[in-house]
Amino acid sequence: MKPAFSVLFFTVTSGIGYGLLMWLVAMQLISGQVGELQNFLMVGFIGLTLATLGLLSSTLHLANPKNAWRAFSRFRTSWLSREGVFSILYYPVILLYAYALYVNGGELNPAIKIIGAVSLLIALATVICTGMIYASLKPIRQWHNPLVTPLYLLFSVTSGALAYSILALALEGSLPYFVMSAFLILLLTSLLVKIVYLKSIGKPEGSTIGSATGFTQAQVRLLDAGHNGDTFLSNEFVFDAGAMKLLRLRWLMIILLFVVPLVLVVATYMFDVAPAVYLAMISLYLGLFVERWLFFAEARHVVRLYHGDQRA
Amino acid sequence: MKLGLVIDLDTCVGCHACATACKQWNTSGTIGPLSDQNPYGKNPIGSWLNRIRTYEVKEPSADPRLPSADPRLLSADQKLPQAHQKPPSDNQESSCGSQQFDLYALATKGESALSFAGINSATGAPASKTVHMPMSCMQCEDADCVTVCPTGASYKRAEDGIVLIDQDKCMGCNLCSWACPYGARELDEEQGVMKKCTLCVDRIYDEKLPESERQPACVLSCPTSSRVFGDFDDPSSDVSRLTIERGGKGLMPELGYKPTNRYLPPRETAQVPAMAKTKQPALSKLKKWANRVIAR
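**A short note on the packing of helix 5 (residues 148-172) of chain A against helix 10 (residues 276-297) of chain A**
Residue and element names in this part refer to chain A. Running from N to C, helix 5 and helix 10 cross one another at 155°; their axes reach a closest spacing of 10 Å. Accordingly, the angle class assigned to the pair helix 5 and helix 10 is roughly antiparallel. Here helix 5 and helix 10 pass one another in a crossing that is left-handed. Of the residues in helix 10, those touching helix 5 at Phe155, Ser159, Leu162, Ala163, Ser165, Ile166 and Leu169 are Val277, Tyr278, Ala280, Met281, Leu284 and Leu288. Here the residues of the contact of helix 5 with helix 10 sort into 11 nonpolar, two polar and no charged.

Next comes the structure, spelled out in structure tokens:
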């Protein structure tokens, strides 16, 4: 599949935004303390801005945006519709939570805790829906994989944890030990799941040109695709980055997304150089872009079988 | 009703008349226009609802890098009737009736896959065939393009099974085209909405047309009658009869979309014995050579 920048930016940025907001609310619910109200509002604002920027950029790839409002109408069947509904539903809930905290003088009470917990669940549901949009597409076996949705969720929560930590460092002057530990555990878990995922999409399986044409006993080869120019199908589905480039980018992804943040965070604690976590965040953000680009570039839609591929 | 098409891969000559007739009818039909971008320029591009590809189909080679027959890819409902599952008999002539199914036959371990497309490598005839394959919407029973649509623009009609797009509701997100394994959906860049085969819903129910013309444009235009339109729910219809008689098959059954359209495999063709090379004695060769030289 051809990677579209608007979709890469959307999934990466809104993933961080929702992850950040999840940690913000979760830490308040766990500790029962809100801390400086001003800092809470600041972090909340940044998280919501990231999520909103992502959502806005996702409407950029629509060919007919004037009908975008209709996208909330098929909640029962469409994961894209579910994502739209949850992402919009999130705003009133998180704003109500912030308002209630403000009115209550920065103190939690059971009612506010329930609102916070609901906002947490909606943010979680939004990220899961983003993953399921891809995981539900049967014609793309690299996406129709049980690890795709867990990876979307893991990357959102992992990047959110680091974003939460650097904002705490910037606003309060110290790194939150609990969230940083969680970040390290989540980062290593993501690495493990990603490696298992890459292994599983490397297996030769799925549809072949034989099952696509019905000639399951014969050897089939495309002679003529029926058109001598580009088509919507070839533009949309036939994207070849080259095996070597993909392999190099996989290593770049592992270095930027996992190795560099891990080394920098460990260095932060060992040598007490707190600013290194800012660099870790930049590296993680770039790494996520490479990861999302590869997620598209390595996905091979079965329509490619009608354009000359031998197997999916 | 379960309306759909049967496409005969034996007689299709790949002339693209169906695609052209489709474009001509539908650009001014209910879902029209079907726009083209840069139609007379260097890289013309446009929306088509039917595309024809040409394949070389030949005997599987021993090359392990190329995918061969894989029994896992066939779902239970695609298995052929019992009569056609008997092991290949040594006497090719006597089992001729079922040989045409060999092309689409179930691959089972130990079964010889030498005979297909009516060409038997044992006779020395080239075991390869050129097949033209037109593809439009398969009007799937489990159409994911409909379920993924967030706006409700894509829908499948309960009364006849035709999958359609409400042009006024589509927001052009492309997700339905991603969900379609057959490449049946194409975005109209001019209007920003998705287009697909309607099975000429604006023809087949039009009572102002003579009854013989109440068929999809592609079916009417096919010069070799390789396309047949009808109701698969009616066991006496042409499409049902042809599917059973010729072993019609849906594409990519392993994805579980339950496509309605069926493809008929190429028929068993008469075996033309290859001309035998006879050994000629050296003297007659010399005579022939001498005659040729003198004739000059």
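**Re the nonpolar core**
In this structure, Leu20, Leu21 and Met22 of chain A together with Cys145 of chain B are the most contacted members of the largest nonpolar core, which totals 142 residues. The element contributing the most residues to this core is helix 5 of chain A, with 12 residues. Once residues within four sequence positions are removed from consideration, Cys145 of chain B is found in contact with Ser154, Val163, Cys176, Ala179, Cys180 and Arg185 of chain B.

**Some remarks on the sheet that holds strand 7 (residues 128-135) of chain B**
In spatial order, the strands read 1(A)-4(B)-7(B); together these three strands make up an open sheet with antiparallel pairing. Only two strands of the sheet have a single neighbouring strand rather than two, namely strand 1 (219-224) of chain A together with strand 7 of chain B. Taken over all neighbouring pairs, the strand axes of this sheet differ in orientation by 35° on average, direction set aside. As paired strands, strand 4 (residues 51-58) of chain B and strand 7 of chain B are joined by eight bridges and run antiparallel to one another. Within strand 7 of chain B, the position partnered with Lys58 of chain B by the bridge is Ser128 of chain B.

**Some points on the environment of Cys180 of chain B**
You can see Cys180 of chain B is positioned in the loop between helix 4 (175-179) and strand 10 (186-188). With 37 residues separating them in the primary sequence, Cys180 of chain B and Ala143 of chain B have C-alpha atoms 8.0 Å apart. Non-local contacts of Cys180 of chain B, meaning those with residues more than four positions away in its chain, are made with Pro139 of chain A together with Cys145 and Arg185 of chain B.

**Comments concerning the interface of chain B and chain A**
Often, the extent of an interface is quoted as the loss of accessible area on bringing the components together. Counting residues at the interface gives 60 residues for chain B and 50 residues for chain A. Of all elements in the fold, only strand 4, strand 7, helix 3 (144-148), helix 4 and strand 10 of chain B reach the threshold of two or more residues within the side of chain B that touches chain A. Among the elements that line the side of chain B that touches chain A, the one with the most residues is strand 4 of chain B, at eight residues. A per-class count over the side of chain B that touches chain A returns 36 nonpolar, 13 polar and 11 charged. Sheet topology places strand 1 of chain A next to strand 4 of chain B; five bridges connect them, and they run antiparallel. Counted as the bridge partner of Asp224 of chain A is Thr54 of chain B from strand 4 of chain B.

About the cut-offs
- Residues numbered from 1 in each chain as written.
- Chains lettered and ligands numbered in written order.
- Predicted model: local features only at pLDDT ≥ 70, side-chain atom pairs only at ≥ 80, totals over all residues.
- Axes fitted to C-alpha atoms, helices over the stretch in contact; angles between N-to-C directions.
- Helix = DSSP H or I, 4+ residues; strand = E, 2+ residues; numbered from the N terminus.
- Parallel < 35°, antiparallel > 145°, perpendicular 65-115°, else oblique.
- Left-handed = near helix turned anticlockwise from the far one by under 90°.
- Contact = placed C-beta atoms within 7 Å.
- Nonpolar A, V, L, I, M, F, W, Y, C, P; charged D, E, K, R; others polar.
- Core = buried A, V, L, I, M, F, W, Y, C linked by C-beta atoms within 7 Å.
- Buried ≥ 20, exposed ≤ 12 C-beta atoms within 10 Å, placed from the backbone.
- Pairing = 2+ DSSP bridges.

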